[in-house]
Amino acid sequence: MSKSLILTTGIYDMIKDHVKRKKATPIQEATLLAQLKSAKQVTRKELPEDVVNIDTRATVKYLDTNEEEVFTFVAPDKAKRRNNTESIMSTMGLALVGYQAGDKLTWSFEEGEKEIELLKVERI
C-alpha cells in the first residue's frame, strides 16, 4: 500500500464514516484506515481528471482472468441498478476510489482477493 490515494475532503469523510459505522469487513476496514492515513486530500477542483471519484466511469482489468469491466460510480443516493450506476461506497467503489488510471491494486472482495489494473478513468 505504498501509493497515496487522492481523495476529495467529502469522499475522505464518507469513507471515515463508513468505517466508523462498521460497514466494511475487518480486512477492508484495515485497508481503508491505512489508506486514509496516507491519503492526499484535495478540493474537487484540484482533483486530477483520471482519479476515481463520484461521477466517474472506470474501466478495470482483473489480472487473474484478463477480463475487463466498466463501472460508473455515483453518490450513494444516486446509485440505481437500472441506470447501471454503482455507489462510490460499494465494495468496488471503495476498492478504486482515489486511484488513478494505470494503477494496480489488490482488494479483498467477498469471493476472495483480486488483483486489478485501472485501465481508464473518465468524468461523466
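Refer to the structure printed above.
Residues numbered from 1 in each chain as written. Predicted model: local features only at pLDDT ≥ 70, side-chain atom pairs only at ≥ 80, totals over all residues. Heavy atoms only, no water.

Enquirer: Help me understand the environment of R57 in this model?
Expert: With respect to the element layout, R57 can be found in strand β3 (residues 56–62). The spacing of R57 and I11 is 46 residues in sequence and 16 Å in space, taken between C-alpha atoms. Once residues within four sequence positions are removed from consideration, R57 is found in contact with V70, F71, T72, K120, V121, E122 and I124. Only 3.3 Å separates the side chain of R57 from the side chain of T72, close enough to count as a polar contact. (Helix = DSSP H or I, 4+ residues; strand = E, 2+ residues; numbered from the N terminus. Contact = heavy atoms within 4.5 Å. Polar contact = N/O pair within 3.5 Å; in protein donor to acceptor, adjacent residues only side chain to side chain.)

Enquirer: Could you clarify how one ought to interpret the environment of V97 in this entry?
Expert: Structurally, the position occupied by V97 is in the loop between α3 (91–96) and β6 (104–109). As for V97 and V52, which are separated by 45 residues in sequence, their C-alpha atoms are 4.8 Å apart.

Enquirer: Explanation requested: the packing of helix α1 (residues 9–20) against helix α2 (residues 26–38) in the structure shown.
Expert: Packed helices, taken two at a time, are described by the angle between their axes plus the distance between the axes. One way to put it is that α1 packs onto α2 with a least axis distance of 10 Å and a crossing angle of 145°. The handedness of the crossing between α1 and α2 comes out as left-handed. Touching Y12, I15, K16 and V19 of α1 are E29, L32, L33 and L36, all from α2. For the contact of α1 with α2, the per-class residue count stands at six nonpolar, no polar and two charged. (Axes fitted to C-alpha atoms, helices over the stretch in contact; angles between N-to-C directions. Left-handed = near helix turned anticlockwise from the far one by under 90°. Nonpolar A, V, L, I, M, F, W, Y, C, P; charged D, E, K, R; others polar.)

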